[in-house]
Amino acid sequence: MINLDLRFVAGAAAEREWMQLQPVVDEWHRRLGQGDVPGGDFLGWLHLPSQTLEAGLSDLLETAEQIKEQSDALVVIGIGGSYLGARAAFEWCQPEGYNQLSREQRKGPELYFAGNHLSADGLHDLLRLLEGKRVTLNVISKSGTTTEPAVAFRVLRAWLLKQVGPEEAKKRIVATTDKAKGALRQLAEEEGYRTFVIPDDVGGRYSVLTPVGLLPLAAIGIDIRELLQGAATMEQTLSTPALTENIAYRYAAVRNVLYRRGKTTEILAVYEPALRQFAEWWKQLFGESEGKDGKGIYPSSLGFTTDLHSLGQYVQEGLRTLFETVVQIEQPQHEIQVPSDKSLDDGLEYLAGRGVSWVNDQARLATALAHADGGVPNLLVSVKDRSARSLGGLFYFFELACAMSGLLLGVNPFDQPGVEAYKKNMFALLGKPDFEAQQKTITDRIAGYGAGR
């Protein structure tokens, strides 16, 4: 289902080097299975695909059908792991311009995302798009108090109440939240919203295969059983610790060797626009998991061939701290041939009759060779197609690889203590209760920066 090609890594991480990590990988694999790792309370994702398929999806699928029937538009309100996975799968599985298609072509509501920024213009533009539409809100938050989604939910809930009234609004809000506590759970119970649970043992960046991702995806017609089946297949395939067989662990080991050699930035490169949001999901997964204790590979992403015309020069000849992981889809959903037109003086007649996807793949090979020659090792992760099954396998592949990579690095790959730093400053500046004492200190510090102190 997934292949890992290391031929353009060449001598930057030789097989003998990453195979030397086998005893360490064996030990971490054993401890992962026993829950005896840093952050061991957040390992619910390890067997989530198979367990979810076994438990069944009837309640979730029933709610998804209700959303389809009652809605012209579904708005997912969340930030970080509460929306990135769903957005990645939306753009992977559905055609570009999905929201502009007719309802008959879509076979589901339009899908929008909110609560992932604090832009007044962004919220205003979304409300304009929603005018005259039957709208359902799916608010996703463990606590219900994270600033960005909480602000967006307030605005969108007020708009919905004005449009349809309180009783109808209750039928058009679905909360995905903690099973027992938090402001959103309390509100949902008071108002009678339909609710789904974010498991306690699954962190946000690992939550795409929980109701966080599954509900909105099912509501727009994506086959979530296929998504889960792909992940469950990879769960079984990657159950061995052997680096010769487990490609997720092999990927993690090669990254570790490259990091030790000074390759501290990883570029996830994609050659299909449909994978751009997948790269955003990947960046959060690895950034939050590894970037701590003064360690970590910096996760970046580029969309080729587009970005070869903007950042290609830097990748080719800039600081040699880079390596690339390319995600490739082997079989495109559609093919378009380059037409013959001898009246055009563009020098492309030699490509007449060739498929555009073939041209794209030759560009990928040419770029991999050029970058490898320029000192940027290239790893290739390839999947068969753009199906939900392939995507489910890829989600699980990277989740497991990220866990092992963080453990090899010597960090807890399941916490994110640094995320709170900006929030404390923001709460003080916003005048949040109990932060009054910090407000003057922070405003004085900001003024000091401005005075050049």
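Check the entry above for the structure.
Numbers given to residues run from 1 along each chain, matching the order in which its sequence is written. Side-chain atom pairs in this predicted model are given and counted only at pLDDT of 80 or more, local residue features only at pLDDT of at least 70, and totals for whole chains, interfaces and linings cover all residues. Heavy atoms throughout the structure, all of them, feed into the side-chain values; hydrogens and water do not.

(A) How the structure looks around the pairing of strand S2 (residues 73-77). Exposed residues in this analysis have more than 50% of their type's maximum accessible area, buried residues have under 20%, and partly exposed residues fall in between, with area computed by a 1.4 Å probe over protein chains only. In this description a helix means any DSSP run of H or I spanning at least four residues, a strand means any run of E spanning at least two, and both kinds are numbered starting from the N terminus. With five of five residues buried, S2 is to be regarded as a mostly interior element. Going residue by residue along S2, you find Ala73, Val75 and Ile77 tucked away on one face and Leu74 and Val76 tucked away on the opposite face as well. Note: two strands are recorded as paired if DSSP finds a minimum of 2 bridges between them. The pairing of S2 with strand S3 (residues 110-114) spans five bridges and is classified as parallel. Bridging across to S3, Val76 finds its partner in Phe113. In this sheet, strand S4 (residues 135-140) lies alongside S2 in parallel orientation, the contact comprising five bridges. Following the sheet pairing, Ile77 is matched in S4 by Val139.

(B) Representation of the pattern of salt bridges. Whenever Lys or Arg places a side-chain nitrogen within 4 Å of a carboxyl oxygen from Asp or Glu, that contact is recorded as a salt bridge. This structure, assessed with the given rule, holds 26 salt bridges. A salt bridge links Lys179 to Asp200, with the shortest nitrogen-to-oxygen separation between them at 3.5 Å. Remark: Asp200 occurs in the loop between strand S6 (194-197) and helix H11 (211-219) and Lys179 occurs in the loop between strand S5 (173-177) and helix H10 (183-191); sequence separation between them is 21 residues. Lys179 gets classed as exposed once you look at its relative accessible area, which sits at 54%. We note a salt bridge from Glu226 to Arg389, for which the minimum N-O separation is 3.0 Å. Separated by 163 residues along the polypeptide, Glu226 in helix H12 (residues 224-237) and Arg389 in helix H17 (residues 388-409) bring together distant segments of the chain. What you see here is one network of salt bridges that share partners, running through Lys142, Asp178, Lys179, Lys181 and Asp200.

(C) Representation of a nonpolar patch on the surface within the structure. Taken together, the side chains of Leu118, Val151 and Val155 present a nonpolar region at the surface, about 220 Å² in accessible area. For Leu118, the position within the fold is in the loop between S3 and helix H7 (120-130). Like charges within 9 Å and nonpolar side chains (Val, Leu, Ile, Met, Phe, Trp, Tyr) within 5 Å are joined into patches, using only residues over 30% in relative accessible area that form no salt bridge. Accessible surface area values rest on a Shrake-Rupley calculation with a 1.4 Å probe, where residue burial reflects the displayed protein chains alone.

(D) Region of the structure containing the packing of aromatic side chains. Stacked, tilted and edge-to-face are the three classes applied to pairs of Phe, Tyr and Trp rings, where Trp contributes its six-membered ring and a pair requires centres within 6.5 Å; stacked means planes under 30 degrees apart, edge-to-face means over 60, and tilted covers the rest. If you walk through the whole model with that rule in mind, you get 20 aromatic pairs. A centroid spacing of 5.9 Å and a plane angle of 35 degrees characterise the contact between Phe278 and Phe395, whose relative ring orientation is tilted. Taken together, the positions of Phe278 in helix H14 (residues 276-290) and Phe395 in helix H17 put the pair 117 residues apart, joining distant regions of the chain. By relative accessible area, which is 0% here, Phe395 ends up buried. A centroid spacing of 5.9 Å and a plane angle of 50 degrees characterise the contact between Phe278 and Phe398, whose relative ring orientation is tilted. Pair noted here: Phe278 is in helix H14 and Phe398 is in helix H17, with a separation of 120 residues, a long-range link. In terms of burial, Phe278 and Phe398 fall into one category: buried. Through a chain of ring-to-ring contacts, the aromatic side chains of Trp92, Tyr251, Phe278, Trp281, Trp282, Phe286, Phe395, Phe397 and Phe398 assemble into a single cluster. Any Lys NZ or Arg CZ found within 6 Å of a ring centre and within 35 degrees of that ring's normal is scored as a charge over the ring. Over the ring of Tyr98 we find Arg106, and its NZ or CZ is 6.0 Å from the ring centre. Its end group placed over the ring of Phe427, Lys432 keeps NZ or CZ at 4.0 Å from the ring centre.

(E) Inspection of the packing of H14 against H17 at higher detail. The contact between H14 and H17 brings their axes to 9 Å, and the two run at 20 degrees. Put simply, H14 runs roughly parallel to H17. In the packing of H14 onto H17, the handedness of the crossing is right-handed. Here Phe278, Trp281, Trp282, Leu285, Phe286, Ser289 and Glu290 of H14 come into contact with H17, specifically with Leu391, Leu394, Phe395, Phe398, Glu399, Cys402, Ser405, Gly406 and Leu409. Split into classes, the residues belonging to the contact of H14 with H17 amount to 11 nonpolar, three polar and two charged. Every axis corresponds to a line fitted to the C-alpha atoms, with the helix fit spanning only the stretch in contact, and the corresponding angles, defined between N-to-C directions, vary from 0 to 180 degrees. Should an angle lie under 35 degrees it is considered roughly parallel, over 145 roughly antiparallel, and from 65 to 115 roughly perpendicular; all remaining angles are considered oblique. Handedness of a helix crossing follows the sense of rotation of the near helix relative to the far helix, less than a right angle counterclockwise being left-handed and clockwise being right-handed. Any two residues having at least one pair of non-hydrogen atoms within 4.5 Å are treated as being in contact. Gly is placed with the polar residues, together with every amino acid not listed as nonpolar (Ala, Val, Leu, Ile, Met, Phe, Trp, Tyr, Cys and Pro) or charged (Asp, Glu, Lys and Arg).

(F) A look at the sheet that holds S3. Across the sheet, five strands lie side by side as S3-S2-S4-S5-S6; this open sheet has parallel pairing. Only two strands of the sheet have a single neighbouring strand rather than two, namely S3 and S6. Neighbour to neighbour, the strand axes of the sheet diverge by 20 degrees on average, direction disregarded.

(G) Fine view of unusual backbone geometry. Looking along the chain, the bond that leaves Phe304 and enters Thr305 is cis, with omega of 5 degrees. Assignment of secondary structure puts Thr305 in the loop between strand S8 (298-303) and helix H15 (312-317). Positive phi values are uncommon outside glycine, yet Lys107 reaches one of about 65 degrees. Tracing the backbone through its elements, the reader meets Lys107 in the loop between helix H6 (103-106) and S3. The exposure class of Lys107 is exposed, given its relative accessible area of 61%. A positive phi angle is found at Asp293, which is not glycine, with a value near 55 degrees. Tracing the sequence through the fold places Asp293 in the loop between H14 and S8.

Read these as spatial facts, not as claims about activity.
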